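Descriptive analysis of the structure
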Amino acid sequence: MSQPCEQSQPSDLSEIDDLLRAVVADGFTVYLCGGNDRPEAIVATYAWAGFVDYVVIKDAHDVTAARSRQGRDWDVFTAETVVWSYQGHARWALRAILDLLPPEHPNAPHEDYPAPASLRVGQEHLGSVSVRTPRPGLVARRAMRLRLAARGGSATL
């Protein structure tokens, strides 16, 4: 599913910054691909038991969020299958990944299909990758927040 590209206004960029901060605060590990100062792509991942939620940001209009099964040889930069994906403007893709049901929820997606090409990060950007791991305690925050929301509780922690 994707949203049409739209022109980014300063208020959009502020909202995107807030959503990126929410992804980091949710316990995602962040990969800056192609250089620490001006990365060509940003990839953020969150691992569940057997699944990985992730988002690949190439620019504000080219963002793909996804969930994949995490197999032994799974690689975030070259995932071949997903159980869920969303491609579009950063505003909608980041909101979609933040609100995705936990994998154990009965309504969570589980059927594999080919990963969209937009999830792939080119080899030319993988020579220089900086990794930023979440602060201690944040990893459990996403799981707890989403499980509460799925039960009809408060989604804000």
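Residues numbered from 1 in each chain as written. Predicted model: local features only at pLDDT ≥ 70, side-chain atom pairs only at ≥ 80, totals over all residues. Heavy atoms only, no water.

**Considerations on helix α2 (residues 90–99)**
Within α2, seven of the ten residues are buried, which leaves it mostly tucked inside the rest of the structure. Within the sequence span of α2, burial applies to Ala 90, Arg 91, Ala 93, Leu 94, Ala 96, Ile 97 and Leu 98. (Buried < 20%, exposed > 50% of the residue type's maximum accessible area, 1.4 Å probe, protein only. Helix = DSSP H or I, 4+ residues; strand = E, 2+ residues; numbered from the N terminus.)

**What to know about the environment of Ala 79**
If you trace the backbone, Ala 79 turns up in the loop between β4 (62–69) and β5 (81–82). Through-space distance from the C-alpha of Ala 79 to that of Arg 120 is 7.1 Å; in sequence the pair is 41 residues apart. Residue contacts for Ala 79: discarding those within four places in its chain leaves Tyr 54, Ser 68, Trp 74, Ala 115 and Arg 120. (Contact = heavy atoms within 4.5 Å.)

**Structural notes on the confidence of the model for the protein**
With 89% of its residues at a pLDDT of at least 70, the protein reaches an overall mean of 85. Every residue in residues 1–10 is under pLDDT 50, and counting partners more than four places away or in other chains gives 22 contacts. (pLDDT = per-residue confidence, 0-100.)

**Some points on the layout of surface pockets**
Space inside the largest pocket adds up to approximately 560 Å³. As for the largest pocket, its lining consists of 27 residues, and the residues nearest its centre are Leu 20, Val 30, Leu 32, Ile 42 and Ile 57. Among the secondary structure elements, those contributing two or more residues to the lining of the largest pocket are α1 (10–25), β1 (29–33), β2 (41–47), β3 (51–59) and α2. In terms of residues, the lining of the largest pocket owes the most to one element, α1, which gives seven residues. (1 Å grid on protein atoms, 1.4 Å probe; cavity = no way out; pocket = protein on both sides within 12 Å on 5 of 7 lines; lining within 4 Å. Points joined across faces, edges and corners; volume = space filled by probe spheres on them.)

**Some words on the pattern of salt bridges**
One pass over the structure, following the stated rule, counts five salt bridges. The partner of Glu 15 in a salt bridge is Arg 91, and the shortest N-O contact between them spans 2.9 Å. Taken as a pair, Glu 15 in helix α1 and Arg 91 in helix α2 lie far apart in primary sequence, 76 residues in all. Linking Asp 112 and Arg 69 is a salt bridge whose minimum nitrogen-to-oxygen distance equals 2.9 Å. Taken together, the positions of Asp 112 in the loop between α2 and β7 (113–114) and Arg 69 in strand β4 put the pair 43 residues apart, joining distant regions of the chain. (Salt bridge = Lys/Arg side-chain N within 4 Å of Asp/Glu carboxyl O.)

**Concerning the nonpolar core**
Judged by nonpolar contacts, the single largest core of 26 residues is most densely connected at Val 23, Val 55, Trp 84, Leu 94 and Ile 97. Only α1, β1, β2, β3, β4, β6 (84–88), α2 and α3 (138–150) provide two or more residues apiece to this core. When near neighbours in sequence (up to four residues on either side) are disregarded, Val 55 contacts Ile 42, Val 43, Ala 44, Val 63, Thr 64, Ala 65 and Leu 94. Within the second largest apolar cluster, 15 residues are counted, among which are Ala 66, Phe 77, Val 82 and Val 121. (Core = buried A, V, L, I, M, F, W, Y, C linked by side-chain atoms within 4.5 Å.)

**Section: the environment of Thr 29**
Residue position: Thr 29 is located in strand β1. As a C-alpha pair, Thr 29 and Tyr 46 span 17 residues in sequence and 6.5 Å in three-dimensional space. If we ignore the near neighbours within four places in the chain, the residues touching Thr 29 are Val 43, Ala 44, Thr 45, Val 131, Arg 132, Thr 133 and Pro 134.

**Some thoughts on the packing of aromatic side chains**
Where two aromatic rings form a pair, the distance of their centres and the angle of their planes describe that pair. Throughout the structure, instances matching the rule amount to four aromatic pairs. Between Phe 28 and Tyr 46 the ring centres are 5.7 Å apart and the planes differ by 45°, which places this aromatic pair in the tilted class. A residue pair is termed long-range when its members are at least 10 positions apart, and Phe 28 in the loop between α1 and β1 and Tyr 46 in strand β2 qualify at 18 residues. Seen from their ring centres, Tyr 31 and Phe 77 are 5.7 Å apart, and the 85° between their planes marks the pair as edge-to-face. Of this pair, Tyr 31 sits in strand β1 while Phe 77 sits in the loop between β4 and β5, and the two are 46 residues apart along the sequence. You'll find Tyr 31 and Phe 77 in the same group, each marked buried. (Phe/Tyr/Trp six-rings, centres within 6.5 Å; stacked < 30°, edge-to-face > 60°.)

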